[in-house]
Amino acid sequence: MQQNSDNLDVLTFLNFLNDNFLNYCRNKSVLEIGCFDGDITEWVMKNNPSKLTLFEASEIPVKNVKQKFPSATVIHGDMHEDLNKVGKVDVALVLGVIYHSHIPLHVLEELVNCCNPTTIIIDNMSPCFMWRHETTNLPGMRVVVGNKKTCNIVINIDDDIMIQAMFNLGYELTTQKEYPAGTHRSGHLIFHFQKYD
């Protein structure tokens, strides 16, 4: 019974994403940061992106998505340091990752400066300004590429800080929606930013 409920939760979540946000990927070059095992990627592919770049820090999922999506460019890298490997894209998906960063504003700056997307879709699952302990390289936590030392602390920014930071970077908020009730992200917001300059 639990498995069917979990499958329904994921399907509701993915349908919501597709109906409200992934349509911006249609015929565009797309970067998905933190693709992990490609659940969202499958739905991005349904929107026929002209080019798809998958960016993931965890080694095993990188191998899996390379096999699963052979037409995609897959980059094994750290969103804090390696976005310069991507190049210009039309759409950037930053889903399920920004709240695993120790320097989230830096990630937003790197994304804009290195990839120059026209559209950015981002969610913020911990929408209050705070810090918390997060042990690196555990499942569902921040992944560090290589043997680099890390502080094992992440800093979460609230929605207002993120919106202001994106505005200062040249993006206006055009849409924000709450994830559907009953899904694993319910009660949290997802944002669509569009370049205004």
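Residues numbered from 1 in each chain as written. Predicted model: local features only at pLDDT ≥ 70, side-chain atom pairs only at ≥ 80, totals over all residues. Heavy atoms only, no water.

(A) Local environment of the overall build of the chain. When helices and strands are tallied, the chain shows five helices and nine strands. Taking 16 Å as the expected radius of gyration for a compact globule of 197 residues, we find that the chain reaches 16 Å, a close match to that expectation. For the C-alpha atoms alone, the extent of the chain along its principal axes is close to 40 × 40 × 35 Å. When each of the 197 residues of the chain is scored for burial, the buried share is 47%. If you take every contact in the chain between residues at least 6 apart in sequence, the share linking residues at least 24 apart comes to 64%. Of the charged side chains in the chain, 16 are positive and 23 negative, and the gap between their average positions amounts to 7 Å. (Helix = DSSP H or I, 4+ residues; strand = E, 2+ residues; numbered from the N terminus. Rg over C-alpha atoms; globule rule 2.2 N^0.38 Å. Buried < 20%, exposed > 50% of the residue type's maximum accessible area, 1.4 Å probe, protein only. Contact = heavy atoms within 4.5 Å. Lys, Arg positive; Asp, Glu negative; His and termini not counted. Charge placed at Lys NZ, Arg CZ, Asp CG, Glu CD.)

(B) Broad picture of the packing of aromatic side chains. Taken as a whole and assessed by the stated rule, the structure comprises five aromatic pairs. Taking the centre distance of 5.5 Å and the plane angle of 40° together, the rings of F13 and Y179 count as tilted. You can see F13 sitting in helix α1 (residues 2-20) and its partner Y179 sitting in the loop between β8 (171-178) and β9 (189-195), a full 166 residues away along the chain. Looking at Y179, the relative accessible area reads 2%, which means it is buried. Taken together, F13, F16, F21 and Y179 form an aromatic cluster joined through their ring pairs. Directly above the aromatic system of W43 lies the positively charged group of K46, at a separation of 3.8 Å from the ring centroid. (Phe/Tyr/Trp six-rings, centres within 6.5 Å; stacked < 30°, edge-to-face > 60°. Lys NZ or Arg CZ within 6 Å of the ring centre and 35° of its normal.)

(C) The state of the cysteines, seen in detail. Inspection of the entire model under this criterion finds zero disulfides. C114 carries a free sulfur, and the closest cysteine sulfur to it, the one in C115, is 5.8 Å from it. For C114, a relative accessible area of 22% gives the class partly exposed. Take C115: its relative accessible area is 0%, and that puts it in the buried class. (Disulfide = S-S within 2.5 Å.)

(D) Examining the pairing of strand β7 (residues 153-156) more closely. Every second residue of β7 is oriented toward a common face, the buried set being V154 and N156 and the non-buried set I153 and I155. Here four bridges tie strand β6 (residues 130-133) to β7, and the two strands are oriented antiparallel to one another. When the sheet's bridge partners are listed, R132 is paired in β7 with V154. (Pairing = 2+ DSSP bridges.)

(E) Highlighting the environment of A92. Inspection of the secondary structure puts A92 in strand β4 (residues 91-94). The exposure class of A92 is buried, given its relative accessible area of 0%. As a C-alpha pair, A92 and N116 span 24 residues in sequence and 9.0 Å in three-dimensional space. In this view, A92 contacts L31, L111, P117, T119, I120 and I121; residues no more than four positions away in its chain are not counted.

(F) Highlighting the sheet that holds strand β1 (residues 29-33). Taken in spatial order, the seven strands of this open sheet run β3-β2-β1-β4-β5-β9-β8, and their pairing is mixed. In this open sheet, the two strands that pair with only one neighbour each are β3 (73-76) and β8. Going across the sheet, the axis of each strand differs from the next one's by a mean of 15°, ignoring polarity. Contacts from helix α3 (residues 59-68) reach β2 (51-56) and β3 within the one sheet, and its direction differs from that of β3 by about 170°. (Axes fitted to C-alpha atoms, helices over the stretch in contact; angles between N-to-C directions.)

(G) Just the side chain of E32, in detail. In this fold, E32 is placed in strand β1. R185 is the oppositely charged side chain nearest to the buried, salt-bridge-free E32, at an N-O distance of 8.5 Å. A distance of 2.5 Å separates a polar atom in the side chain of E32 from a polar atom in the side chain of T41. Not counting residues up to four positions away in its chain, the partners in contact with E32 are I40, T41, V44, T53, L54, F55 and L93. (Salt bridge = Lys/Arg side-chain N within 4 Å of Asp/Glu carboxyl O. Polar contact = N/O pair within 3.5 Å; in protein donor to acceptor, adjacent residues only side chain to side chain.)

(H) Highlighting the pattern of salt bridges. What the rule picks out here adds up to four salt bridges. One salt bridge in this structure joins D82 and K85, with 3.9 Å as the shortest N-O distance. We classify D82 as buried; its relative accessible area is 14%. The partner of R185 in a salt bridge is D123, and the shortest N-O contact between them spans 2.7 Å. Within this pair, whereas R185 is found in the loop between β8 and β9, its partner D123 is found in strand β5 (residues 119-124), the two being separated by 62 residues in sequence. Comparing R185 with D123, the two get one shared label, buried.

From the geometry alone we can't say anything about function, so treat these as descriptive.
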